[in-house]
Each structure stands twice: as structure tokens, then as C-alpha cells.
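Observations on the model geometry
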Amino acid sequence: QVQLVESGGGLVQAGGSLRLSCAASGRISSINAMDWYRQAPGKQRELVAHITSGGSTNYLNSVKGRFTISRDNAKNTVYLQMNSLKPEETAVYYCGAEMVVGGKKTMYWGQGAPVTVSS
């Protein structure tokens, strides 16, 4: 069974930092792009950061300079380092990965990591 398991969420004060991790496991042939999304209460899910298999990155404008996405291909893991967090960034953060499993390319999602930023 292929799955993505996230960790590292929690409660932090405004201006603080958190590091999220998301590890893929199962019979995976390859992992293409990996993403971090977030969904705040009452809002639509939005793409926060994207990293290709080669390491190229893209970010939501509002997090540029504060968040860093990275990946360890040997561990099938993607990370999101979040610095200078703001209360409005309270949300459930989800990782997503496009993976080749059994010859088929499919998008998989983690279960979500709640992040609460207190003011």
C-alpha cells in the first residue's frame, strides 16, 4: 500500500518556525513533483510550495523568503521549513506527490498536518 505520512505540525507563536516532513512508502517506482498545500478553515486549498524531481522550486508569493521546500530522494521525503509564521497561516498542511506505482502515474495525498499560529 502506497502512502504519504506527514509529521511536524503543531502550535507555534507568531514569528516562530516549524518544519513539516512527509515520507512516501510502498511499492513506488518513482516520484515526480512533490507539493505542499494548505487549507484554512472556510477557505479553499492553496498550493504553498512545489518541487520537481530535479529540485526546482516554486512558491506562493506570500511565503517567498520565509518558507523553504526541499526533498531527500533517497528517503522519498519532502520537507517544508516555515519561518516567521503568521496567525493567518493557521491551516491544515497537506503534502502531495505524483508517483509512479505499478506503471501508472497517480497523485497521492497525505492525511494533513494541522498548524496553528497563535498571535
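Everything discussed here concerns the structure shown above.
Predicted model only: the values in this text are computed from it and were never measured.

Topic: the side chain of arginine 38
Here arginine 38 shows up in strand β4 (residues 30-39). Judged by its relative accessible area of 7%, arginine 38 is buried. At 2.7 Å, the side chain of arginine 38 and the side chain of glutamate 46 are in polar contact. A polar contact is formed between the side chain of arginine 38 and the side chain of glutamate 89, at a distance of 3.4 Å.

Quick notes on the sheet that holds strand β8 (residues 77-82)
The 4 strands are arranged β1-β3-β8-β7 in an open sheet whose pairing can be described as antiparallel. At either margin of the open sheet sits one strand with a lone partner, and together these are β1 (3-7) and β7 (67-72). Within the sheet, the average angular offset between the axes of one strand and its neighbour, ignoring direction, is 15°. Direction of pairing for strand β3 (residues 18-25) relative to β8: antiparallel, over a ladder of 6 bridges. Following the sheet pairing, arginine 19 is matched in β8 by glutamine 81.

Quick look at the nonpolar core
Ranked by size, the top nonpolar core spans 31 residues in total, and within it Trp36, Leu80, Met82, Tyr93 and Met99 carry the most contacts. Elements that contribute at least two residues to this core include exactly β3, β4, β5 (46-51), β7, β8, β9 (91-101) and β11 (113-118). Among the elements that make up this core, the one with the highest residue count is β9 (6 residues).

Focus on the layout of surface pockets
Here the largest pocket defines a volume of roughly 170 Å³. Along the walls of the largest pocket sit 13 residues, with Arg38, Lys43, Glu46, Glu88 and Glu89 positioned nearest its centre. Classifying every residue of the lining of the largest pocket by side-chain character gives 2 nonpolar, 4 polar and 7 charged.

Digging into unusual backbone geometry
At asparagine 76, a position not held by glycine, the phi torsion is positive, near 50°. Examined against the element boundaries, asparagine 76 turns out to sit in the loop between β7 and β8. The residue serine 84 is not glycine, and still its phi comes out positive at about 50°. Within the element layout of this structure, serine 84 appears in the loop between β8 and β9.

As for the pattern of salt bridges
Going through the model one piece at a time under the given rule, you end up with 3 salt bridges. The shortest N-O distance in the salt bridge between glutamate 46 and arginine 38 comes to 2.7 Å. Residue arginine 38 is joined to glutamate 89 by a salt bridge in which the shortest nitrogen-to-oxygen separation is 3.4 Å. In this pair, arginine 38 sits in strand β4 while glutamate 89 sits in the loop between β8 and β9, placing the two residues 51 residues apart along the sequence. Comparing arginine 38 with glutamate 89, the two get one shared label, buried.

About the criteria used
Residues numbered from 1 in each chain as written. Predicted model: local features only at pLDDT ≥ 70, side-chain atom pairs only at ≥ 80, totals over all residues. Heavy atoms only, no water. Helix = DSSP H or I, 4+ residues; strand = E, 2+ residues; numbered from the N terminus. Buried < 20%, exposed > 50% of the residue type's maximum accessible area, 1.4 Å probe, protein only. Polar contact = N/O pair within 3.5 Å; in protein donor to acceptor, adjacent residues only side chain to side chain. Pairing = 2+ DSSP bridges. Axes fitted to C-alpha atoms, helices over the stretch in contact; angles between N-to-C directions. Core = buried A, V, L, I, M, F, W, Y, C linked by side-chain atoms within 4.5 Å. 1 Å grid on protein atoms, 1.4 Å probe; cavity = no way out; pocket = protein on both sides within 12 Å on 5 of 7 lines; lining within 4 Å. Points joined across faces, edges and corners; volume = space filled by probe spheres on them. Nonpolar A, V, L, I, M, F, W, Y, C, P; charged D, E, K, R; others polar. Salt bridge = Lys/Arg side-chain N within 4 Å of Asp/Glu carboxyl O.

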